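Secondary and tertiary structure notes
Take a look at the letters that make up each chain.
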Amino acid sequence: PTLLYDFQTADRVESRSYAGFAHVEWHLTDKLNLIGGLRYTNDRKIYRFSRRNADGSVISGVPLTWNFLVASLDGLTGTFKGDRVDYRIGANYAFSDDVMAYAQVSTGYKGGGVNPRPFVADQVTPFDPETLLTVEGGVKSTLMDGAATLNAAVFYNDYKGIQRTVYVCPESASTACGMPVNAGDGHSYGAEFETTIKPGGGWLLAGSLSLLDFKYDSINPATGVTLDMMAPFHSKVTASASVQYAADLGNSGTLTPRVDFSYQSSFYYQAINNPAYNLIDGRALVNARLTYDSPDKAWQLSAGVANLFNKYYLIGASENIANFGLSSVIVGPPRTWSVSARFNF
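Please read all numbers here as calculations on a predicted model, not as lab measurements.

Note that I46 resides in strand β3 (residues 32–48). Residue I46 is classed as buried on the basis of its relative accessible area of 12%. Taking the C-alpha atoms as reference points, I46 and T131, separated by 85 residues in sequence, lie 21 Å from one another.

Below is the structure:
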């Protein structure tokens, strides 16, 4: 027969971070501005692991090897320490009161730490920060005497020490694993566009488009990730559009119907891409809303419906077949109705 054993965790995490930064803007001319920034950060994280019986006593005399391994975590401490200097250099130029172009180079990072979910003692390991160098340029504009805006940007991101969670730890005493590691380096590039248009007569149109591509430059093969895989949560295309019409009812107030459309292309939910288990298909959703405003704008009543066409879609899909034989999905909300009221006072 299979023997089961319960244990409780009461891990303590001490986290300390302090930083100092400086920011400067130099108005070189009435049209050209230079921008600079510098930031120093110092981090420390200490994890103290606790694995005890349900009553708080020390685990001992357990006949299962698994529980002895779990018990070995009790009292262990893992520490991460690190510091970093980041910077930003940029410039913007105003061609007119309505059109401005900008460019900048900046760095940033995602903090390191210690594996917060070790299954056994040899999985109490630190991981380093993930660092980023990004280059961006774009244009922001107001057109048609303020009736329209058009913004556009292009960017390039260079990642070092990309953090990923691996579910296979070949050098560990346990086959169960969920350990954050620095898996490798990569880069992404893309473009973004957004616009709003007020053609008059109560109409408002808006739209946005984002294009993104990601590639690994190097990878640690022990992670199970390969160079041809996509980073998790990276959709190559996202887009949105909306249209609304504010119907003036004179002394009776304003009635505004609105329709929103959103699109997101497919993406992988996990670092180790598996089309059968963690590929999320692209989706297009439509929301609708009808809003009434009182003549004096003192109150507002709205009725809305999300996922108007009751589309079935997934938000997430994860699996750990190798260790647990487990696969699960997160289903997006079905058609949902709502009513709301707002009062201004």
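Two side chains carrying opposite charge are able to pair once their charged atoms lie near each other. Per the counting criterion, the structure on display carries 8 salt bridges. As a salt-bridge pair, R51 and D11 come within 2.9 Å of each other at their nearest N and O atoms. Here R51 is found in strand β4 (residues 51–52), whereas its partner D11 is found in the loop between β1 (8–9) and β2 (12–27), with 40 residues between them in sequence. Looking at R51, the relative accessible area reads 6%, which means it is buried. Taking the relative accessible area as the measure of exposure, D11 reaches 31% and is therefore partly exposed.

Along the chain, the position of S210 falls in strand β12 (residues 203–219). Under the relative-accessibility criterion, S210 is labelled buried at 19%. In this structure S210 touches A191, E192, K236, V237 and T238, once residues within four positions along its chain are discounted.

Another aspect to go through is the confidence of the model for the chain. Across the chain, the average pLDDT comes to 91, with 94% of residues at or above 70. Of all helices and strands in the chain, the one with the weakest mean pLDDT is helix α2 (residues 321–324) (64), whereas strand β13 (residues 237–245) scores best (98).

What follows is about the pairing of β3. By the bridge criterion, 16 bridges tie β2 to β3 in an arrangement that is antiparallel. When the sheet's bridge partners are listed, A22 is paired in β3 with L38. In this sheet, strand β5 (residues 77–94) lies alongside β3 in antiparallel orientation, the contact comprising 17 bridges. Directly across from R44, in β5, lies its bridge partner K81.

Once that is clear, we can look at unusual backbone geometry. The backbone phi angle of D145 is positive, close to 55°, even though this residue is not glycine. By the secondary structure assignment, D145 is in the loop between β9 (130–143) and β10 (148–166). Since its relative accessible area comes to 87%, D145 is described here as exposed. Look at F233: it is not a glycine, yet its phi comes out positive at around 70°. Its place among the elements puts F233 in the loop between β12 and β13.

Scanning all chains against the criterion turns up 8 aromatic pairs. Measuring from centroid to centroid gives 6.2 Å for Y47 and F49, while their planes differ by 20°, and the two rings are stacked. With respect to burial, Y47 and F49 carry one shared label: buried. Their ring planes at 75° and their centres at 5.0 Å tell us that Y93 and F95 sit as a pair that is edge-to-face. Take Y93: its relative accessible area is 33%, and that puts it in the partly exposed class.

By size, the foremost hydrophobic cluster in this structure holds 12 residues: Y159, I162, A183, F214, Y216, I219, V225, M229, M230, A231, Y268 and A271. Listed by contribution, the elements that provide at least two residues to this core are β10 and β12. Residue contributions to this core peak at 3 residues, all from β12. Contacts of A271, omitting those with residues within four sequence positions, involve R164, V225, M229, M230 and P232. Of all hydrophobic cores here, the second largest spans 6 residues; its members include F49, F80, V114 and V124.

What follows is about a nonpolar patch on the surface. Nonpolar side chains collect at one region of the surface, where Y18, L38, Y40, V85, Y87, I89 and L133 lie side by side and expose about 650 Å² of accessible area between them. Put simply, the parts of the chain that give the nonpolar patch at least two residues each are β3 and β5. Per-element tally for the nonpolar patch: the top contributor is β5, with 3 residues. Topologically, V85 is positioned in strand β5.

Along the chain, E130 turns up in strand β9. Here E130 falls in the buried class, since its relative accessible area comes to 10%. From its side chain, E130 meets the backbone nitrogen of Q163 in a polar contact 2.9 Å long. If we skip the residues at most four places from it in the chain, E130 touches G108, Y109, K110, Y159, K160, G161, I162 and Q163.

Reading the values: the criteria
- Residues numbered from 1 in each chain as written.
- Predicted model: local features only at pLDDT ≥ 70, side-chain atom pairs only at ≥ 80, totals over all residues.
- Heavy atoms only, no water.
- Helix = DSSP H or I, 4+ residues; strand = E, 2+ residues; numbered from the N terminus.
- Buried < 20%, exposed > 50% of the residue type's maximum accessible area, 1.4 Å probe, protein only.
- Salt bridge = Lys/Arg side-chain N within 4 Å of Asp/Glu carboxyl O.
- Contact = heavy atoms within 4.5 Å.
- pLDDT = per-residue confidence, 0-100.
- Pairing = 2+ DSSP bridges.
- Phe/Tyr/Trp six-rings, centres within 6.5 Å; stacked < 30°, edge-to-face > 60°.
- Core = buried A, V, L, I, M, F, W, Y, C linked by side-chain atoms within 4.5 Å.
- Patch = residues over 30% accessible without salt bridge, like charges linked within 9 Å, V, L, I, M, F, W, Y side chains within 5 Å.
- Areas by Shrake-Rupley, 256 points an atom, 1.4 Å probe, with all protein chains shown as cover.
- Polar contact = N/O pair within 3.5 Å; in protein donor to acceptor, adjacent residues only side chain to side chain.

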